[in-house]
Amino acid sequence: MIRSLHCGQDLKTVTGGIGLALCERLLSHDAQVQLCLACRNGQRAEAARQALLVSHPQAHISLVQLDVGSMHSVFKAAQEVRQRYNRLDYLYLNAGIMPNPQVDHKAFYKGLFSGKAVHMFSTGEGLLTQKDEVTSDGLQQVFATNLFGHFILVRELEPLLCRPGNSSLIIWTSSSNARRSAFSLDDLQHKQGNESYSSSKYASDLLSLAFNRHYNSKGLYSSVICPGLVMTNLTYGILPSFFWTLIMPIMWLIRIFTNTFTLTPYNGAEALFWLFKQKPEALDPMAKYHSLTSGLGNNYTQPCKMDIDDIMAETLYEKLLDLEDAIRKKL
Ligand SMILES: NC(=O)C1=CN([C@@H]2O[C@H](COP(=O)(O)OP(=O)(O)OC[C@H]3O[C@@H](n4cnc5c(N)ncnc54)[C@H](OP(=O)(O)O)[C@@H]3O)[C@@H](O)[C@H]2O)C=CC1
Ligand SMILES: CC(C)=CCC[C@@H](C)[C@H]1CC[C@H]2C3=C(CC[C@]12C)[C@@]1(C)CCC(=O)C[C@@H]1CC3
């Protein structure tokens with residue numbers, strides 16, 4: 001029996017995000033898979049569960065309340081999961097936020113004629129800034145939600161993930177927007193800058209490498225994916241949904257030049273689903289697995305080397321352990 005825990009699975013709109021699309025795909029692939037959806041909003045979580053049960057009436061789907069940005073909630077949810085299960089085969093760390101995004105229109109028009117337009121469309125580099133906030137734990141909200149809450153969750157679920165003779169996989173939903181220059185080991189939480197999203201995603205790439213170094217010997221593996229540009233509540237926070245609908249033909253056209261415009265949650269979940277079918281031991285710890293969709297609409301997964309190194313990953317890991325100690329003392 002395969003048990004899989006997913007963070008950030010709420011059904012917010014009729015379409016839902018990448019996490020919900022992944023659940024649909026997993027259940028269509030194997031009706032026996034046991035899913036545990038970890039969501040912050042009970043009502044929306046139940047709606048997501050019901051939506052999945054419509055197409056898969058026999059599915060095993062349980063819910064656990066988790067606000068990954070609140071450390072108290074993370075410890076409580078982990079305890080609940082430990083009481084309910086004795087093993088986890090997959091842990092999808094999918095929850096992510098990009099609060100108050102601002103598009104730099106000047107940079108966009110400049111980028112269009114710079115000869116780097118394809119790179120700009122596939123990464124969003126130089127186009128986006130965010131305004132971050134501080135949580136009740138005193139952490140930067142984007143750092144807490146996109147990285148640190150997941151770090152604590154993995155550490156707390158160690159007994160279920162590390163079992164002799166069995167391998168398990170944690171999977172981070174990272175981004176093509178993750179950039180080394182947006183991240184600093186002296187400012188892990190990105191208090192100083194205005195690219196907290198890029199910083200948190202780059203940190204997740206590093207942390208995945210560090211987890212592999214520390215946990216592979218215990219049977220736990222970590223991988224990173226990028227879903228491409230997908231129409232979800234996250235992107236509707238950047239530009240209104242009617243605008244995205246209006247420029248859809250332009251985006252299909254751009255897809256011919258960059259296969260990163262996956263556009264639908266189903267396509268965006270391709271790499272998450274592909275990883276589910278791989279042997280964790282065979283995955284490359286230095287690779288980010290990209291969901292890609294061709295101009296003709298065919299989905300595939302492609303690994304791409306990440307701009308990360310062991311020394312940075314280890315330093316980040318040590319600093320997160322220190323922060324974990326401090327949080328444990330505070331709570
Ligand atoms: N859409 C895109 O183009 C891209 C998305 N990504 C990444 O994909 C992942 C999924 O995002 P996507 O589906 O696009 O966007 P959505 O906003 O649809 O999904 C994000 C999910 O994360 C959940 N979440 C956010 N904050 C918390 C929290 N504090 N505790 C628990 N759950 C939380 C949301 O729950 P709730 O419903 O309660 O808000 C929601 O279910 C994110 O990590 C995002 O960064 C990466 C690259 C591109
Ligand atoms: C014609 C057209 C497509 C205009 C939109 C311009 C920009 C708003 C987008 C171009 C590339 C996009 C992008 C993202 C957001 C929107 C763009 C900047 C992300 C940063 C969203 C979140 C991610 O994790 C990665 C995406 C990369 C591409």
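Rules used in this analysis
Positions within a chain are numbered from 1, following the residues in the order the chain's sequence is written. Chains carry letters and ligands carry numbers; both start at the beginning, A for chains and 1 for ligands, and go up in the order they are written. Side-chain atom pairs in this predicted model are given and counted only at pLDDT of 80 or more, local residue features only at pLDDT of at least 70, and totals for whole chains, interfaces and linings cover all residues. By convention in this description, side-chain values take in all heavy atoms of the structure and omit both hydrogens and water. Numbering of helices and strands runs from the N terminus, with a helix taken as a DSSP run of H or I at least four residues long and a strand as a DSSP run of E at least two residues long. In this scheme, a residue with accessible area under 20% of its type's maximum is buried, one over 50% is exposed, and one in between is partly exposed, where area comes from a 1.4 Å probe on protein chains only. In short, Shrake-Rupley with a 1.4 Å probe defines the accessible areas, and a residue's cover is counted only from the protein chains shown. Charged residues are defined narrowly, with Lys and Arg counted positive, Asp and Glu counted negative, and His plus the chain ends left uncounted. Think of each charge as sitting on NZ of Lys, CZ of Arg, CG of Asp or CD of Glu. Here a residue counts as near a molecule or strand whenever at least one of its heavy atoms sits within 4 Å of it. Under this grouping Gly is polar, as are all residues other than the nonpolar Ala, Val, Leu, Ile, Met, Phe, Trp, Tyr, Cys and Pro and the charged Asp, Glu, Lys and Arg. UniProt positions are given in the numbering used here, feature names are shortened, and annotations may be inferred rather than shown by experiment. Here a polar contact is recorded for every N or O atom pair within 3.5 Å, except that within protein the pair must consist of a potential hydrogen donor and a potential acceptor, and residues adjacent in sequence are included only if both atoms are side-chain atoms.

### Points about the overall build of the protein
Turning to step 1, where the next piece is worked out: A tally of regular secondary structure across the protein gives 14 helices and 10 strands.
Turning to step 2, where the next piece is worked out: With the C-alpha coordinates of the protein rotated into their principal frame, the extents come out at 55 × 50 × 40 Å.
Turning to step 3, where the next piece is worked out: Taken over 331 residues, the protein has a buried fraction of 55%.
Turning to step 4, where the next piece is worked out: When the accessible surface of the protein is summed, it comes to about 14,800 Å², and 55% of that surface belongs to carbon and sulfur atoms.
Turning to step 5, where the next piece is worked out: Of the side-chain charges in the protein, 31 are positive and 29 negative, and the distance between the mean point of each set is 3 Å.

### What to know about the site of ligand 1
Turning to step 1, where the next piece is worked out: Arg40, Asp67, Asn94, Tyr197 and Thr232 are the nearest of the 30 residues found near ligand 1.
Turning to step 2, where the next piece is worked out: For ligand 1, whose accessible area on its own is 880 Å², the fraction buried by protein is 95%.
Turning to step 3, where the next piece is worked out: Where the shell around ligand 1 is concerned, the elements lending two or more residues are α8 (196-215) and α9 (233-236).
Turning to step 4, where the next piece is worked out: Counting residues per element, the shell around ligand 1 draws most heavily on α9, at three residues.
Turning to step 5, where the next piece is worked out: Taken together, the residues of the shell around ligand 1 break down into 10 nonpolar, 14 polar and six charged.

### What about the UniProt feature "transmembrane region" (unreviewed entry) in the protein?
Turning to step 1, where the next piece is worked out: Mapped onto this numbering, the UniProt entry gives "transmembrane region" (unreviewed entry) at residues 234-254.
Turning to step 2, where the next piece is worked out: With 76% helix and 0% strand, residues 234-254 has end C-alpha atoms that lie 20 Å from one another.

### Let's talk about the site of ligand 2
Turning to step 1, where the next piece is worked out: Among the 20 residues in the neighbourhood of ligand 2, the closest are listed as Phe121, Leu128, Ser175, Tyr197 and Ile238.
Turning to step 2, where the next piece is worked out: One of the side-chain nitrogen or oxygen atoms of Ser175 is found 2.6 Å away from an oxygen atom of ligand 2.
Turning to step 3, where the next piece is worked out: Tyr197 has a polar side-chain atom sitting 2.7 Å from an oxygen atom of ligand 2.
Turning to step 4, where the next piece is worked out: For ligand 2, whose free accessible area comes to 600 Å², the fraction covered by protein is 93%.
Turning to step 5, where the next piece is worked out: The biggest single contributor to the shell around ligand 2 is helix α5 (residues 117-123), with four residues.

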